[in-house]
Amino acid sequence: NMLGSAEAAQQVMSQIQEDAAKTPFMIQENIRISVIVAAYNIEEYLVRCLDSICNQTYHNLEILVVDDGSTDETGRICEEYAGKDPRIQVIHQNNMGLSGARNSALKIATGEYIGYVDGDDYIEPDMYENMLDACLENDAQLAVCSYRQIGSEKAQNGFSGQRYPLTREEALEIYICDNKPYHIYNAVWSKLFRRDIVKDVMFPVGHKSEDIPYTTKALINADRCVFLDTPYYNYVVDREDSIMNQNIHERRFNDEIPFWKEQQGYLYGVGMKDLADKASYQFYRRMLYYFLDFKKRRMGESAGQLIEMLREDRKKIRTIYKNDYVAAGDKVRMHIALRTPGLY
């Protein structure tokens, strides 16, 4: 009988090991992911968002939903979901903007990994399972996924479904230079961060485009990154009142441009001069796009202010544009834009 019991026990253990190999997340669910959701007057979208998080195939989630001073039914919906799912914790606060909402949740988050979902977007059911698995499989502190634009007429296809492990330098090169076939965006919602690489990183309150410094610092702090070319995140682009559609002059001059310059300074500060120079090159290319966009929008004063800013940087531009990686066409375009903006 004892021999039979031992054999039976061995059979059970073998079955458990076999099942664990097939379903590795039975072992890994001791790892908690804190999912931070900022919500402000999005009663039409929030149910879909919270359903997509609560129904994740990975269950060990801490879901921190911040009602950022909403005046519609957003707060009530948050409480309703907290009553149904014990993993949800709701923070009600006066309106502080997206950065302030995320920071409030970061202060109480307990997960070993941090993820972000904007309250008007939604995610695929296996997003966090696959992103965590990719981190563990590749010993990476940061996972990045592709995303799908909801409400856009732009064709979106060609996702390979592959995982691509990257060193810190490779990930930063892709992020800064927009190298294909990967694309690492600023947005934090397309990423899963291991907590130790962002433990001292907060979002700048009172500013938009706050993801630029956060993602830059996280990538610098990570030794390894993994890119998942699968659109696990669904980004809603058809909201007319979205903050991305408001006050374009203020957003670019008060938020984006200072943050892009801060990115360059941060890279120079940690000794990554080559990447910092490339970041400067991409910044100046982006400024010429902004100039044309301002002209298209009939925002002549904004366009003029941008050219004056570039002229003040003329000496640095000349130095940066001597590098071999600067395209000949970009050199010509910048020369014309600085001398004769109207002709450009």
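Every value quoted in this text rests on a predicted model; they were computed, and no experiment measured them. (Residues numbered from 1 in each chain as written. Predicted model: local features only at pLDDT ≥ 70, side-chain atom pairs only at ≥ 80, totals over all residues. Heavy atoms only, no water.)

> Where do I start with helix H8 (residues 211-221) in this structure?
An α-helical turn contains 3.6 residues, so a residue and the one three or four places further along point in the same direction. Burial within H8 is extensive, with nine of its eleven residues counted as buried. Restricting attention to buried positions, one finds in H8 the residues Asp-211, Ile-212, Pro-213, Tyr-214, Thr-215, Thr-216, Ala-218, Leu-219 and Ile-220. Tucked into the core, H8 has its buried residues touching helix H5 (97-106), strand S4 (113-118), strand S6 (142-150), helix H7 (168-177), strand S8 (191-194) and helix H9 (248-269). (Buried < 20%, exposed > 50% of the residue type's maximum accessible area, 1.4 Å probe, protein only. Helix = DSSP H or I, 4+ residues; strand = E, 2+ residues; numbered from the N terminus. Contact = heavy atoms within 4.5 Å.)

> Explain the packing of aromatic side chains to me, please; I cannot follow it from the model alone.
Enumeration over the complete set of coordinates arrives at 16 aromatic pairs. A ring pair is formed by Tyr-147 and Trp-189, whose centres lie 5.0 Å apart and whose planes are at 80°; its orientation type is edge-to-face. With Tyr-147 in strand S6 and Trp-189 in the loop between H7 and S8, this pair connects stretches of sequence that are 42 residues apart. Judged on exposure class, the residue Tyr-147 and its partner Trp-189 are both buried. (Phe/Tyr/Trp six-rings, centres within 6.5 Å; stacked < 30°, edge-to-face > 60°.)

> So what exactly am I meant to see when it comes to the environment of Ala-222 here?
Its location among the elements puts Ala-222 in the loop between H8 and strand S9 (224-236). Taking relative accessible area as the criterion, Ala-222 reaches 2% and is therefore assigned buried. Along the chain, Ala-222 and Ala-171 lie 51 residues apart, while their C-alpha atoms are 9.5 Å from each other.

> Sorry if this is basic, but what is going on with the pairing of S6 here?
In the case of a regular strand, side chains alternate between the two sheet surfaces. Here three bridges tie S6 to S8, and the two strands are oriented antiparallel to one another. The partner of Leu-142 across the bridge, within S8, is Phe-193. Where S6 meets S9, nine bridges bridge the pair, whose relative direction is parallel. Each bridged residue has a counterpart across the sheet, and for Tyr-147 the counterpart in S9 is Tyr-233. (Pairing = 2+ DSSP bridges.)

> Explain the nonpolar core here, please?
The nonpolar side chains of a soluble globular protein tend to be buried, and buried together. Judged by nonpolar contacts, the single largest core of 65 residues is most densely connected at Tyr-116, Ile-184, Phe-193, Leu-306 and Leu-310. With eleven residues, the top contributor of residues to this core is helix H10 (residues 273-296). When near neighbours in sequence (up to four residues on either side) are disregarded, Ile-184 contacts Val-144, Leu-166, Ala-171, Ile-174, Tyr-175, Lys-191, Leu-219 and Phe-227. Among the nonpolar cores identified, the runner-up in size contains 42 residues, and Leu-46, Val-65, Tyr-233 and Val-236 belong to it. (Core = buried A, V, L, I, M, F, W, Y, C linked by side-chain atoms within 4.5 Å.)

In short, the description is geometric, and any link to function would need to be established separately.
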